[in-house]
Amino acid sequence: MSGNAHHSALLDQANKLLPLASLMTRAAAAPKSIAFAEGSDPRIVEAAVAALNAGLIKKAHLVGPEADIQATLATFDLSDPAGIEVHDPENSRIFEALAARFVELRAHKQLSLDLARKAARDPLVFAALLVETGRADGSIGGAVATTSDTVRAALQVIGKAKSAPLVSSFFLMILPEGHPLDRPAMVFSDCGMVIDPDAQELAGIASQAADSFAALVGSEPKLGMLSFSTHGSAKHERVTKVQEATETLKAARPDLIVDGELQLDAALVPSVAASKAPNGALKGAANVLIFPNLDAGNIGYKLVQRFGGAVAIGPVLQGLAKPANDLSRGCSAGDVLAMIAVTALQAQSV
């Protein structure tokens, strides 16, 4: 299959899922530039070229060894070569400027210029510095690097948004056509970052997830605060945490439709909600699920992905000053393309 034919296949596959088609259409309305920390990986290059050819982004900054990147690029047909900018940290003309900026960002750690240069040679840090200095609008990594390394670079360089209580993550779950829940897309949070949030942190995660859902899906978020208890059916300190988080969120965000604590079926199935939570606000219509800890969230999204056939896009980070997102090391070029659209849309709202 030729390069262009493969790119068309990627786009055709994404367009068959209406929520993804909507994401790409809105991304193309105001294209952004994206930095890719693993710029020589064939999956990254394939998706970046497809995004450029389709007008989803205006520039792809590929970070990594120049010879490797050029060799991979040569296997694909690019409609506008000017849309690609290659950054090899070992010989980049902007390397010293980025290293100096990293010294400024880490001044509280008294980082030396020599150590900053060493750090900036890391493609994850280099890509994040492209974003922090305004040369790119968002960054994507994690196709090869671990989540911890990817997130660490984003936190150290881009940092938390001043208005955000914390940095957390979510997965955008695209449900298969004809799914009995009749919800084309949902947000699950936090499934990839905050291990055991307290009540205040859980409320903050929920608030961020609601805004993420509204920005990406374009409809009203309806939040289910999940537990193994529904409206006091069980007594435990973990139940109390979710109850307190729910009340904190309601007080801080009276604009949101939110209910908790709820068991999963009471959040998603109207007939179960009518029995277990008849006076609740959701009525079984949750489209944003807030998990009480990372154990539940990570297991939950993988169950829906592997048993339920959903497409899982993420982990997408929320609460950063500018977008920086993580990929699974088992991602496909199609997964990368979806993350490009998500990152571009996040950049539109910064």
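Everything numeric in this text was worked out from a predicted model, so none of it was measured.

Conventions adopted
Residues numbered from 1 in each chain as written. Predicted model: local features only at pLDDT ≥ 70, side-chain atom pairs only at ≥ 80, totals over all residues. Heavy atoms only, no water. 1 Å grid on protein atoms, 1.4 Å probe; cavity = no way out; pocket = protein on both sides within 12 Å on 5 of 7 lines; lining within 4 Å. Points joined across faces, edges and corners; volume = space filled by probe spheres on them. Helix = DSSP H or I, 4+ residues; strand = E, 2+ residues; numbered from the N terminus. Nonpolar A, V, L, I, M, F, W, Y, C, P; charged D, E, K, R; others polar. Core = buried A, V, L, I, M, F, W, Y, C linked by side-chain atoms within 4.5 Å. Buried < 20%, exposed > 50% of the residue type's maximum accessible area, 1.4 Å probe, protein only. Contact = heavy atoms within 4.5 Å. Pairing = 2+ DSSP bridges. Axes fitted to C-alpha atoms, helices over the stretch in contact; angles between N-to-C directions. Expected span 1.5 Å × (residues − 1). Arc of directions from axis to C-beta. Polar contact = N/O pair within 3.5 Å; in protein donor to acceptor, adjacent residues only side chain to side chain.

Chemist: Where do I start with empty space enclosed by the protein in this structure?
Modeler: Over the atoms, a rolled probe matching the size of one water molecule traces out where space is still vacant. Using the criterion set out here, one finds 1 cavity of 30 Å³ or more in the structure. In this structure, the largest cavity encloses a volume near 90 Å³. Surrounding the largest cavity, 13 residues form its lining, Leu124, Ser139, Gly141, Thr150 and Ala324 being those nearest its centre. For the lining of the largest cavity, the secondary-structure elements that each account for two or more residues are helix H7 (123-132), strand S4 (138-141), helix H8 (147-157) and strand S11 (324-326). Looking at the lining of the largest cavity, its residues break down into 9 nonpolar, 4 polar and no charged.

Chemist: How do you make sense of the nonpolar core when you look at a structure like this?
Modeler: Taken as a class, soluble globular proteins show a tendency for nonpolar side chains to be buried jointly. In this structure, Phe36, Leu62, Leu172 and Met225 are the most contacted members of the largest nonpolar core, which totals 58 residues. Per-element accounting of this core gives the leading share, 9 residues, to helix H14 (residues 333-348). Every residue in contact with Leu62, bar those within four places of it in the chain, is listed here: Phe36, Gly39, Ile44, Val45, Ala48, Ile69, Leu73, Ile84, Glu85, Val86 and His87. One finds Ala37, Ala116, Val151 and Leu317 within the second-largest nonpolar core, a separate group that totals 30 residues.

Chemist: What is the right way to read the sheet that holds strand S7 (residues 222-226) from this model?
Modeler: Hydrogen bonds between backbone atoms are what pair the strands of a sheet, whose relative direction is either parallel or antiparallel. With mixed pairing, 6 strands are arranged side by side in an open sheet as S8-S7-S9-S6-S5-S10. Two strands in the sheet have a free side with no partner beyond their single neighbour: strand S8 (257-262) and strand S10 (311-318). Looking at each pair of strands side by side, their axes are set apart by 20° on average, direction ignored. Where strand S5 (residues 168-174) meets S10, 6 bridges bridge the pair, whose relative direction is antiparallel.

Chemist: Teacher, can you tell me more about helix H13 (residues 294-306) here?
Modeler: Because the α-helix completes a turn every 3.6 residues, residues three or four places apart line up on one side. When the terminal C-alpha atoms of H13 are compared, their 18 Å separation across 13 residues agrees well with the 18 Å that a helix rising 1.5 Å per residue should span. Taken residue by residue, H13 has Leu294, Gly297, Gly300, Tyr301 and Gln305 as its buried positions. Angularly, the buried residues of H13 cover 140° about the axis, an arc narrow enough to put them on a single face. Residues of H13 that are exposed and point more than 90 degrees away from the buried face comprise Asp295, Ile299 and Arg306. Lining the buried residues of H13 we find S5, strand S6 (185-189) and S10. Its side-chain oxygen placed 3.2 Å from the backbone nitrogen of Asp295, Asn293 serves as the N-cap of H13.

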